[in-house]
Amino acid sequence: MDVFGSFALLLAFVCAAYAFVGGIAAIRTRHPLLVKSTRQAGLATCGLIFLATFSLEYLFFSDNFSVAYVVAHSNRSLSPFYKVAALWSGQEGSLLFWSFLLAVYVFSALLAYRNKNGELMPYVGVVLAGVQIFFLTLNNFVASPFKALGVAGANGAMDLVARGDGNGLNPLLQYPEMVIHPPNLYSGYTGFTIPFAFALGALLARYPGEKWIHLTRKWTMIAWGFQTAGILLGAHWAYAVLGWGGYWAWDPVENASLLPWLTGTAFLHSVMMQEKRGMMKVWNVWLVFCTFLLCILGTFLTRSGVVSSVHAFASSNIGNWFVGFIAIILLVCLTAYFKNRDYLKSENQLDSIVSRESSFLFNNLILLVSCIAVLSGTLFPVFSEWFTGDRISVGTPFFNKVNIPIGLLLLFLTGVGPLLAWRKTSLDSLKRNFGWPLLMGLIAGVIAFPLGVREFYSLICFILCVFVAATITMEFYRGAKVIRARSGASFLASAVDLTMRNTRRYGGYIVHMGMVLIFIGIAGTAFNRDVQKEMQIGSSMQIGPYSLLLQNFDTKQEKNYTAERMIIEVTRNNKPVMMLYPERRIFPANQASGTMVAIYSTLKQDLYVVYAGQSPDTQTPVIHVYLNPLVKCIWFGGVVVVLGTLVALLPNRRAVLVLSAVQEPTRVKSLAGTLTPSPTLREGHD
Amino acid sequence: MQKRAKFGIGIGVIIISLGFLAWMGYGESKTYYHTIAELQTLQGASLSHRMRVGGTVEPGSIHRLSGRVDFVLQGEGKSLPVSYVGSEPLPDTFVDKSQALVEGRPAADGRFVAEHVQAKCASKYEAAPGGTTAPSAGREARTSTM
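Definitions and cut-offs
- Residues numbered from 1 in each chain as written.
- Chains lettered and ligands numbered in written order.
- Predicted model: local features only at pLDDT ≥ 70, side-chain atom pairs only at ≥ 80, totals over all residues.
- Helix = DSSP H or I, 4+ residues; strand = E, 2+ residues; numbered from the N terminus.
- Rg over C-alpha atoms; globule rule 2.2 N^0.38 Å.
- Buried ≥ 20, exposed ≤ 12 C-beta atoms within 10 Å, placed from the backbone.
- Contact = placed C-beta atoms within 7 Å.
- Domains from an automatic or database assignment.
- Pairing = 2+ DSSP bridges.
- Axes fitted to C-alpha atoms, helices over the stretch in contact; angles between N-to-C directions.
- Nonpolar A, V, L, I, M, F, W, Y, C, P; charged D, E, K, R; others polar.

> Would you explain the overall build of chain A in this entry?
Secondary structure summary: chain A contains 21 helices and 13 strands in total. Since a compact globule built from 686 residues should have a radius of gyration of about 26 Å, the 27 Å found for chain A is in line with a globular shape. When burial is assessed residue by residue, chain A has 51% of its 686 residues classed as buried. Long-range pairs, those at least 24 residues apart, make up 71% of the contacts in chain A between residues at least 6 apart in sequence.

> Hey, could you run me through the domain arrangement of chain B in this one?
How big an interface is tends to be stated in terms of the accessible area lost upon association of its parts. The assigned domain composition of chain B is domain 1 (1-30) and domain 2 (31-125). Using only C-alpha atoms to locate each centre, domain 1 of chain B and domain 2 of chain B end up separated by 38 Å.

> What am I meant to see in the sheet that holds strand 4 (residues 529-534) of chain A here?
Strands in a sheet are paired, the pairing made by backbone hydrogen bonds, and the direction either parallel or antiparallel. Residue and element names in this part refer to chain A. Strand order in the open sheet formed by 4 strands is 4-13-12-11, and the pairing between neighbours is antiparallel. Edge strands, defined here as strands with exactly one partner in the open sheet, are strand 4 and strand 11 (598-601). The sheet shows a mean angle of 15° between the axes of neighbouring strands, taken without regard to direction. By the bridge criterion, 9 bridges tie strand 12 (residues 605-614) to strand 13 (residues 621-629) in an arrangement that is antiparallel. In the sheet register, Gln614 faces strand 13, and the bridge partner there is Pro621.

> Please clarify how the domain arrangement of chain A should be interpreted in this entry.
All names here are of chain A. In terms of domain boundaries, chain A breaks down into domain 1 (1-150 + 160-174), domain 2 (177-344 + 359-373), domain 3 (397-525 + 638-681) and domain 4 (527-632). For domain 1 and domain 4, the distance between their C-alpha centres works out to 43 Å. Counting residues at the interface gives 7 residues for domain 1 and 9 residues for domain 4. Of the residues contributing to the side of domain 1 that touches domain 4, the split by class is 3 nonpolar, 4 polar and no charged.

> Mind showing me how you'd approach the environment of Phe107 of chain A here?
All names here are of chain A. Inspection of the secondary structure puts Phe107 in helix 5 (residues 91-112). Residue classification places Phe107 among the partly exposed positions, given that 19 C-beta atoms sit within 10 Å. Once you skip the residues sitting within four places of it in the chain, Phe107 turns out to touch Leu43 and Cys46.

Here it is as structure tokens:
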């Protein structure tokens, strides 16, 4: 099966090369058969990558310990659930997994547009094949996951061997989130390839108008949704597994995932400027180029060891390949831009500082500043070494100092932006739209201050959150009221109807509401508390309203590990709340251990209990307890964001709109004027 | 033209204030990386910098004392005695021969006083002899907090 897999990969490489070279020839000659055959080659590339991925999974499930990658990341007693995840737990497999997810996207795109956009698709196909060639080169010739296990024999030649059992999966990865977090994040990283290919293809083909933006909007949102979910799942994994009480530490790996998210978010907003006002064309093209480059950079940073927090661990030469690839993409993008930039001329100018355009402009500006700050902070050790010879790193204070004000500004714009009119907003409409929300925000601030919210940024954050939530609620309320007056349905049904009529706008509001929840959760960080204590059986400790009593501890033998388990009773005002069982797991296959945090989570706060190990002096267990307010809001907000993204992906319910057009022609005209200025803007048709 | 000036001022104010904050954050958190060999050649003001030093934990050198943990880091043929004084328990991955990164300042007596220790057993996840190195996709266990 390993031979089968590596052969499939090699064949995929050949097919991708044909799709690339043949695609260029097809663009030159415009021969219809050549166009068709290169598309088929693109599809075949994907099919072969699927086969290779499945054969690697097969090797895991059949416990084939003659393959080096399987030996390094699996063992017989590993549960099937984690055998699936073992695929992406190491360098070689995760690169194959990258190719696999990219192939899913490429396959869908090639299939979906096989008879459409005949002028554009050959260019897109070439770009996609180019990206696939790079990853297939890595899969085939640099980091093959199908390498057989060998030992140096007596005569110096390598002998093939098979082992009885594998080394097992890294215990840090043996958690449910680790099975769903990487696929989500990778789907985000790979997904941005599609808008990139369309943008570059359109630029190379001088494809007219905003068509590439309409074509890729859904792809971008899918990628963005996965990226968001992936980042939050990663944060949740760090929170639940690493046992240090937090979820975000500005670690290079975390930053790497945030960077394309920031530019991707900016892109999702700034395309609206192009769609509605024909502005920012150059900007949009470059945003999508940068997003893709940052995706590749992120993939590179996580596996090259260039800025690994423990820089001595770097032991891979794969980085050079990535640097080369990034340089090539940059060169291609720059060439395409300078050759065809006249086709990206803006059609309009900014009219007023209080307008939708300017809110998008500022949104983009600060997202980009944030991205640059995070990027430079992450790469600071590398650059400082180049320029000064000293390797200097910056830490959490640097990132927080810049990004907290940026986050708050963005939050403010989230509330203000969508309600500003295009071109210019009158003072009157400002009062009408923002009077109540502003008042509610201030009232919330006045209530929160005496309740102990004294930290400056947190207070501002809570005020802004209430303000934004109020503006969003008002938007739903106003729209639903109009529908209700006409249909007589309940408010809830009217709000649902409203959402379905313009899924993009109201889905967007739902995403914003989710972000508000996430911000509330982050603002809670300012009030985290923690206590650490050595505890004997029967002793207790107090944090906030909770008392913790160590009742006992025991050892539990599981299939793949042994768990040392603390049995802790939690009480509040002498009433039992629940039992918590923080653990340490010892994995005999690789003699590693991991913590299992016990969390009692309520909407108000998380009680987060870690069995931190035994005290070196007395051998008594050390328990570290954190009280983290409002953390649940973050995870809940993440769910809302993903739901909102899904809503925005739905096609508009259009029959109702046509029906109302017959009844109320005047109203629909105004609606059409504000919402659908161009026929291409309508969703669900592309 | 006046509109442009307004936008220019708005953008300028945002960028300058964020730049200022970034500079403050940089001053507060900058940490120098040094190898063990470099550390022994440092003199004067650079000895008072906050720094990070990486190395391998010398087998048998971990001594848990009350209030601190002493161990010896090795690298490039040199060794560095370290006292860890942080309040967090050491990570699970911190054992003999693990690769560790300590963060803190050198003391006058030549010991390195660490406030944070990160560790990773790189060797544990490697393939069998002859196989390729496969660093884990996970992050280092950490003792630092946000």
